[in-house]
Amino acid sequence: RAVVVAARTHAVELVVIGPEAPLAAGVADAVAEAGIPVFGPSRDAARIERTLAAELVAALAAAGAPRLHEAPYLNELVVRVPGARAVHARLLERGILAGIPTADLLPDEPSLADGLLVCATEVTTSDEIARFAAALATELAAAGTGGGA
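Below: a short report on this structure. No experiment lies behind these values; they were computed from the predicted model shown.

### Focus on the overall build of the chain
Then, in step 1: Within the chain, the regular secondary structure consists of 7 helices and 5 strands.
Then, in step 2: Starting at the N terminus and walking to the C terminus, you meet the elements of the chain as α-β-α-α-β-α-β-α-β-α-β-α.
Then, in step 3: Looking at the chain residue by residue over its 149 residues, the buried ones come to 36%.
Then, in step 4: Taking as baseline every contact in the chain between residues at least 6 positions apart, the subset at least 24 positions apart corresponds to 53%.
Then, in step 5: Just so you have it, the chain exposes about 8100 Å², and 59% of that area is on carbon and sulfur atoms.
Then, in step 6: For the chain, the distance from the average position of its 11 positive side-chain charges to the average position of its 18 negative side-chain charges is 4 Å.

Shown next as C-alpha cells:
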C-alpha cells in the first residue's frame, strides 16, 4: 500500500516493481488494482517464476553450470558456461532454447565472457528445465569442462 500512496502522491505514471520479494508479496497487484500502470508480474506469476527459477538454478548447477553471482534474482540469472557462445549455438542446433551468451550483450565485459543469461517464466515447465540441464551437461562433459548427466 505504501507504493500506491507514494505513486499517487508523486503523480507517477508507471511503477516498476522489483526485485523478487515485493513481486512475490503482490505489490504489482496492489498498484494495478489502484489503477496505476505497473511493470512486473502478478503475485501468482512471481511465485511460480521464483519456484521455477530455483529449480533451474539447481538443475544447471548439477549440470556443471553454477550461478555467476549470488545477487538476488527473480527469474533471470547468469550461469558460468565455459565456451558459452559455442555451447549456446550447439544447443540451438538441437532445438534447445539456451538463454543468451552474456558476451553478446556486454562484449566489453571480460568477466561475462563465459556467462549464459537464462530465465524461467510462468510458462516454463519442469520438463523443459530438465531437458536444458541434461543437454548442457552433455555439452560440458563433451568439452571436458565438467558437467554430469
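### So, unusual backbone geometry
Then, in step 1: Positive phi values are uncommon outside glycine, yet alanine 11 reaches one of about 50 degrees.
Then, in step 2: Topologically, alanine 11 is positioned in the loop between α1 (2–9) and β1 (15–16).
Then, in step 3: Of the residues examined, alanine 11 reaches a relative accessible area of 59% and is grouped as exposed.

### Details of the sheet that holds strand β5 (residues 115–119)
Each strand in a sheet pairs with another by means of backbone hydrogen bonds, the pair being arranged parallel or else antiparallel.
Then, in step 1: The sheet built from 3 strands is open, its strands ordered β3-β5-β4 with antiparallel pairing. Only two strands of the sheet have a single neighbouring strand rather than two, namely β3 (76–80) and β4 (100–101).
Then, in step 2: In terms of strand pairing, β4 meets β5 through 2 bridges, oriented antiparallel. Along β5, the bridge assignment pairs isoleucine 100 with leucine 117.

### Looking at the side chain of arginine 67
Then, in step 1: With respect to the helices and strands, arginine 67 occurs in the loop between α4 (43–63) and β3.
Then, in step 2: The residues contacting arginine 67, other than those within four sequence positions of it, are Val57, Tyr73, Leu77, Val78 and Val79.

### Details of a nonpolar patch on the surface
Then, in step 1: Taken together, the side chains of Leu14, Val16 and Phe39 make up a nonpolar region of the molecular surface, amounting to roughly 340 Å² of accessible area.
Then, in step 2: In this structure, phenylalanine 39 sits in strand β2 (residues 38–39).

### Quick word on the pattern of salt bridges
Then, in step 1: Inspection of every chain in the model, using the stated rule, returns 4 salt bridges.
Then, in step 2: Close ionic contact of glutamate 139 with arginine 90 constitutes a salt bridge, the shortest N to O distance being 2.4 Å. Here the residue glutamate 139 occupies a position in helix α7 (residues 126–142), and arginine 90 occupies one in helix α5 (residues 84–93), the gap between them amounting to 49 residues.
Then, in step 3: Taking the relative accessible area as the measure of exposure, glutamate 139 reaches 10% and is therefore buried.
Then, in step 4: On the basis of relative accessibility, which here comes to 31%, the residue arginine 90 falls in the partly exposed class.
Then, in step 5: Between arginine 94 and glutamate 139 there is a salt bridge, with its nearest N and O atoms 3.3 Å apart. Of this pair, arginine 94 sits in the loop between α5 and β4 while glutamate 139 sits in helix α7, placing them 45 residues apart in sequence.
Then, in step 6: Bridged by salt links that share partners, the residues Arg90, Arg94 and Glu139 form one connected network.

How each quantity is defined
Residues numbered from 1 in each chain as written. Predicted model: local features only at pLDDT ≥ 70, side-chain atom pairs only at ≥ 80, totals over all residues. Heavy atoms only, no water. Helix = DSSP H or I, 4+ residues; strand = E, 2+ residues; numbered from the N terminus. Buried < 20%, exposed > 50% of the residue type's maximum accessible area, 1.4 Å probe, protein only. Contact = heavy atoms within 4.5 Å. Areas by Shrake-Rupley, 256 points an atom, 1.4 Å probe, with all protein chains shown as cover. Lys, Arg positive; Asp, Glu negative; His and termini not counted. Charge placed at Lys NZ, Arg CZ, Asp CG, Glu CD. Pairing = 2+ DSSP bridges. Patch = residues over 30% accessible without salt bridge, like charges linked within 9 Å, V, L, I, M, F, W, Y side chains within 5 Å. Salt bridge = Lys/Arg side-chain N within 4 Å of Asp/Glu carboxyl O.

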